[in-house]
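Fold and geometry: a report
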Amino acid sequence: MQGIIAIEKNLSRLADLLETEGYDVVDLENTNIDSVDAIVLSGVDNNIMNMQDIQVHVPIINAAGKSTEEILEELERL
């Protein structure tokens, strides 16, 4: 799968890798979530956009404890 991936700002190293692999990378905070193909968070404990009841209909990948290569593998399986 190659598409638009929304990531948190603190995952810049991952953003660089994804862009070299052909993904379009956008900042999670400044994008319409419905327009992305997947979301990568640095930890699921984070409250996306400070909302308790947000629902998204795209895959969310928890990057905590994973290498950039492991995250890339997960995206390729989608």
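As shown above, the structure is provided for reference.
This structure is a prediction, so every number in the text was calculated from the model and none was measured.

Description of the environment of L28
Along the chain, L28 falls in the loop between strand 2 (24-27) and strand 3 (38-41). Assessed through its relative accessible area of 5%, L28 is described here as buried. Taking C-alpha positions, L28 is 5.4 Å from E8, a pair spaced 20 residues apart along the chain.

Description of the sheet that holds strand 2
Note on sheets: strands pair through backbone hydrogen bonds, and any given pair is parallel or antiparallel. Within the open sheet, the four strands sit side by side as 2-1-3-4. Their pairing is parallel. Sheet topology places strand 2 and strand 4 (60-62) at the edges, where each strand pairs with a single neighbour. In this sheet, neighbouring strand axes are inclined to one another by 25° on average, regardless of whether the strands run parallel or antiparallel. Across the face of the sheet, helix 2 (residues 68-77) comes into contact with strand 1 (4-7), strand 3 and strand 4 while running at roughly 160° to strand 4.

Conventions used here
Along each chain, the written sequence defines residue order, and numbers are assigned to residues from 1. Predicted model: local features are reported for residues with pLDDT of at least 70 only, side-chain atom pairs are reported and counted for 80 or more only, and whole-chain, interface and lining totals are derived from all residues. Note that water and hydrogens are dropped before the side-chain values are worked out from all heavy atoms of the structure. Numbering of helices and strands starts at the N terminus; helices are DSSP runs of H or I of at least 4 residues and strands are runs of E of at least 2. Summary of the burial criterion: residues with accessible area below 20% of their type's maximum are buried, those above 50% are exposed, and those between are partly exposed, where the area comes from a 1.4 Å probe applied to protein chains only. Each pair of strands is called paired provided DSSP finds at least two bridges between the two strands. Orientation is described by axes fitted as lines to C-alpha atoms, over the contacting stretch for helices, and by angles from 0 to 180 degrees between their N-to-C directions. The contact criterion used throughout is that any non-hydrogen atoms of two residues lie within 4.5 Å.

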